[in-house]
Each structure stands twice: as C-alpha cells, then as structure tokens.
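Spelled out, the chains give:
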Amino acid sequence: MMRASTVRLAGISGMAVHVPPFKVELKDWCEWTGNDFGKVGNVIGSSFRVPGNNENAYTMAASAVMKLLEAYNIDGNDIGFLGLGTESSTDNSAGAVIVKGMVDAALVQLGKTPISRNVEVPEFKHACLGGVYAMKNACRFVDTDSSNKLAIVVASDIAEYERGSTGEPTQGAGAVAMLIEKKATMIDVHYHQAGKSASYRGPDFRKPVARHFSDKWATTTPRVSDFPVFSGPYSTTVYTDTTIHSVEDMLHSMGLPGGAGTYFDELSAIFFHRPYKMMPIQAMSVLYVRGLVRGQSRKDHLKELCEKAGVSIEQLEREMEQDSKVDPFAVITETGEPPVMHKATGKVAKVLRSDPVFKELLATKMGLGQEKVSQFGNLYSASLPAWLAVGMEDAASNGVTLSGKNIVAIGYGSGDASEAIPMTVLPTWKESALKINTLSTLQKSIPLTKEEYEAIHDTREDSAYPPYTPSNEFFIHKVGDRVEPAFQDLGVEYYTYAASKM
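Residues numbered from 1 in each chain as written. Predicted model: local features only at pLDDT ≥ 70, side-chain atom pairs only at ≥ 80, totals over all residues. Heavy atoms only, no water.

### A few points about the sheet that holds strand β15 (residues 446-447)
- With mixed pairing, the three strands of this open sheet are ordered in space as β3-β2-β15. One side of each edge strand has no neighbouring strand; the edge strands of this open sheet are β3 (47-49) and β15. (Pairing = 2+ DSSP bridges. Helix = DSSP H or I, 4+ residues; strand = E, 2+ residues; numbered from the N terminus.)

### Considering the pattern of salt bridges
- If you walk through the whole model with that rule in mind, you get 21 salt bridges.
- Close ionic contact of E160 with R460 constitutes a salt bridge, the shortest N to O distance being 3.1 Å. In this pair, E160 is assigned in the loop between β6 (150-159) and β7 (172-181) and R460 in the loop between α18 (450-459) and β16 (473-479), connecting sequence segments 300 residues apart.
- Owing to a relative accessible area of 6%, E160 belongs among the buried residues under this scheme.
- E248 is paired through a salt bridge with R290; the nearest N and O atoms lie 2.9 Å apart. Separated by 42 residues along the polypeptide, E248 in helix α6 (residues 232-253) and R290 in helix α8 (residues 278-294) bring together distant segments of the chain. By the burial criterion, E248 is buried, and R290 matches it.
- One network of salt bridges, in which partners are shared, links E87, K207, R211 and D226. (Salt bridge = Lys/Arg side-chain N within 4 Å of Asp/Glu carboxyl O. Buried < 20%, exposed > 50% of the residue type's maximum accessible area, 1.4 Å probe, protein only.)

### Regarding the packing of α8 against helix α12 (residues 343-352)
- For the pair α8 and α12, interaxial distance at closest approach is 9 Å and the crossing angle is 105°. Relative to α12, the element α8 lies roughly perpendicular. Facing α8, whose interface residues are S285, V286, Y288, V289 and R290, α12 presents T345, V348, A349 and L352.
- Tallied by class, residues from the contact of α8 with α12 come to six nonpolar, two polar and one charged. (Axes fitted to C-alpha atoms, helices over the stretch in contact; angles between N-to-C directions. Parallel < 35°, antiparallel > 145°, perpendicular 65-115°, else oblique. Contact = heavy atoms within 4.5 Å. Nonpolar A, V, L, I, M, F, W, Y, C, P; charged D, E, K, R; others polar.)

### Overview of the nonpolar core
- In terms of nonpolar packing, the biggest core is built from 150 residues, with I12, I180, I270, F272 and M392 touching the most fellow members.
- If you tally residues by element for this core, the top one is α8, at 11 residues.
- Not counting residues up to four positions away in its chain, the partners in contact with M392 are M186, I187, L402, I407, V425, W429, A433 and I436.
- Within the second largest apolar cluster, five residues are counted, among which are C128, A159, F205 and Y380. (Core = buried A, V, L, I, M, F, W, Y, C linked by side-chain atoms within 4.5 Å.)

### Points about the side chain of T243
- Along the chain, the position of T243 falls in helix α6.
- With relative accessibility at 0%, the residue T243 sits in the buried group.
- A distance of 3.1 Å separates a polar side-chain atom of T243 from the backbone oxygen of T240.
- Among all residues touching T243, those that are not within four sequence positions of it are A283, I410, Y412 and S418. (Polar contact = N/O pair within 3.5 Å; in protein donor to acceptor, adjacent residues only side chain to side chain.)

### Digging into the pairing of strand β1 (residues 11-18)
- Judged by how many residues are buried, β1 sits mostly within the fold: eight of eight residues are covered.
- Alignment of β1 against β7, held across seven bridges, turns out to be antiparallel. Directly across from I12, in β7, lies its bridge partner I180.

### Observations concerning the packing of aromatic side chains
- Applying the stated criterion across every chain, the model contains 13 aromatic pairs.
- Judged by centre distance (4.7 Å) and plane angle (50°), the rings of F474 and Y497 are tilted. Here Y497 lies in strand β17 (residues 493-498) and F474 lies in strand β16, a separation of 23 residues in the sequence.
- With relative accessibility at 2%, the residue F474 sits in the buried group.
- Among the aromatic residues, those joined into a ring-pair cluster are F22, Y465 and Y468.
- When the ring centre of Y494 is taken as reference, the NZ or CZ atom of K478 above it lies at 4.7 Å. (Phe/Tyr/Trp six-rings, centres within 6.5 Å; stacked < 30°, edge-to-face > 60°. Lys NZ or Arg CZ within 6 Å of the ring centre and 35° of its normal.)

### With respect to unusual backbone geometry
- The linkage connecting G415 with the following residue, D416, adopts the cis geometry, with an omega of 5°.
- Following the sequence through the fold, D416 ends up in the loop between β13 (406-413) and β14 (417-425).
- The backbone of A218 shows a phi angle near 45°, a positive value even though the residue is not glycine.
- Considering the arrangement of structural elements, one finds A218 in the loop between β10 (205-206) and β11 (229-230).
- For R460, which is not glycine, the phi dihedral falls at a positive 55°.
- A relative accessible area of 18% places R460 in the buried class.

Okay, structure coming up:
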C-alpha cells in the first residue's frame, strides 16, 4: 500500500499559463519538410508555439504572473517571494526582479497594489528543472521563512533549434505561474519526501557561451540564436536513467523500496517533464519494468513480457545491478561515445508499451491534459508545470474525481538532475483548477505559413510576422543603446504592458 504523507506542508493554490499566439502545426511542418506526420504526431505532438519578435522569457513570465494575480485575486502586499525558473535568460546579472518590475508597473497602470518591496526575487537555473527547483524553494519559504506571506513561482522558456536539425519539431515557448501557500487549496506538495538524483553528464544538452564564437555554429541562421548543443540519443538515455533514480529515491523516502509497480497503480495521475510526447512514455515503461523486477506480486506478467522480448528475468536483474554502476560521462571521456544502457530492460519496455495493462495505465494515469499540452511544444522549465496545469484543469472540466487522491510530478533537467515529488489533491481543488483557463490561451492562436515560419525562425524581424495586437501581455518596446561615462543602458530592455481594450 502507498504511504501518503500525513504532514501538511505548503502547496499549490493556483496556476496560470501564457504562450505566444504564433504557432506551427506539425502536420503542416511535415508537409513542408517531407516528414511523416503519422510518426511525428505520435512521437512529438501536434504543434509548437513561436515567440514574437518583441517577446522573451521575461515578458512571457510577467504575462503569466499577471494572469495568476487576476484569476486568483492576489494582493501584491501579500507576496513575499517571486521566483523565476528559466534557461532562456537574456541578462546574466538580473533575473526575477525584471519580472517584478514589469508586473509592478502594470499593476500601478491598472490602479492596483504592486508587489511588496519586501520580497525575495531569486532566479533558478538548471536546464528544464529550474521551474521545479523554484517551486520547491517557494514551498520551503512559505513553510519556514514566512508566517503569512504567499509565494509566486514562474517558469518561462523558449526552446529553439536550428532548421533541419532533429530538434526542430520539438521547439516551443511559454510560461507557467504558480501560487504557493501554506494552506493550499489545490495540491499539497510533499517536498520532504521528494526523490532526487544528479550526475554530471558532460555534453548532454548544453548552452556554452563559446559556441557563439565558433564558425561551426548555426551556420544557416543569420540572427543571434540560443540553439543548444545537444546529442539526441545520449540525452534520451540519461533522461531515462536519471528519472529512474529520482523516482526510486522517492519510493525509498516513502518507505516503498522496490514497490514502483504497485505505487503507480495506486496513483490517480502521473506528470513528467515532457520535451515531447513519447519521452515520458518511454521512461515510464522502463520504470514499470524495473518495478515488476523488484516486486513480488506480478512475476507471471513479467515472465510473459520477458518471453515476448527474448530476455530473461535474470538478465534484467543483472542489468539493473550493472547499470547502477555506470557513469555515462566517464564512458564518453574514455571512449568518445556514450554507453548503451538499459538494453535488456528497453526490450521488455518496448513490449510493455503494447501491453493492454500498460496502455490502460497511460490512458488513466497520464492522459489528463495530454491533448492540450501537445499543442504547446517543448517549454523547457515550464514543460512539467504546463502539463500539471492543463491536467488539473482537464480533470476539473470533465468531472474527474481527484479529491484526496495522490499524484506525482517528475521533473528533469539536462546535465543532469531530476526531482520526483509526491503530491496530494485537496478537497477544494476543483474551484482553483477551473480558474487556470488554458482554453482562452489556446484559442488565441495564429497558425504560421511555411514562409512566415522560416522567415521568423531565421530573422525574428518585424516584417516576418503576421499582424497581431498584444492584449493583456507584456512586450519589449525598446532596447537601450547609450554608452556614456555617467550612464549606460546598452542592451537593456524596456518593457510595456498592453492592457485589454474595453
């Protein structure tokens, strides 16, 4: 049986999602590039969002925070923590205070109370895990540093890849803001039982500054870009390996070592970091197989899967022991190539993904919000929060019973690190979840043509974009260029809030 925590700690009382209106339908993209949408749609998703030429991680973050403040009627004086999780910063000095500055100005513009000056404004960076780290630290702040203050967390990122690369269909842009309270109304976050895993992976997925000075870098893209250095198969291997270890560490913290199979059966929902549709499914299948190996109650099912895969249970047991000792970066350093891991387990996991029992688990535990989140694309640090947000809203809108149920959120950041956090849905969850209102965000969309997409991707020039008038969102209205002895603002962005027109 699952041992749910009885300790009431801080949790999530509200969420808000902001994405740019410009989007690329992957069905159209496949026609432009000669790819098979049957495969791409099944593996990647349905579309991805593209940032405007006057948008960045900060403007999207501030827009999401404004939606959150409005939807949940939050008074700026009650906020004691504003944390930003991102890997798309454009300023190596300031961080979340940039978001605070925008939000304060907009609140004053609307005749409302700005965020208290007595507030913490940290920025968290660890690839796609920054938003989860920000959420955990916000929970700690509310529980330990403040008697009555609220915390706001916002994860915001732009995922962009060079045209023609394997990462191109996994682009995306958006932000998710979260309201953290000591007495939460939607989800209790049992961060004291969270599982953790971190190992240095070297050239997994990186953004070294030095790449911008190489003649080999982004040779077909004339604009300044933030394309990552990445190795697809290696990144998939370490994603799976690290999420496995964080989940198993969580199970150990909960007093459930080896009980993964039963634990997942008893959950009502499972949310992963989601770079693309298939990645969490692959990781989940490997986790499930390992749970079957360590468990005692389903050996007949495991034996059947192994026979179909041509693998013995003994092979799985040996591989689990051997892989736990492998350091992928050490192997790369020594051989120049990444190691092959979970080979036998992967064969059984592939069979499992066609198994009716596992398909039912995917439909019931990982189906919430799946259709909506597939329209965002990869949001990096906002990817897991986005799935959690649309999943909770989806459940509330469709009458799914979640009150008192246990769920889990599994975050991941390349490089790499992972967090697996058990959560409990609260009795008052539905009212809070219905305020997320991602439908209005999704409806505000402008599909791009091939010519528009390519011009936007390669230049980000004003003329490349179709007409669009910002509403209830921030944008960059100028960039400083002064370099004087007494005053400099070269490269510093200045922002404006476009309120809705009555």
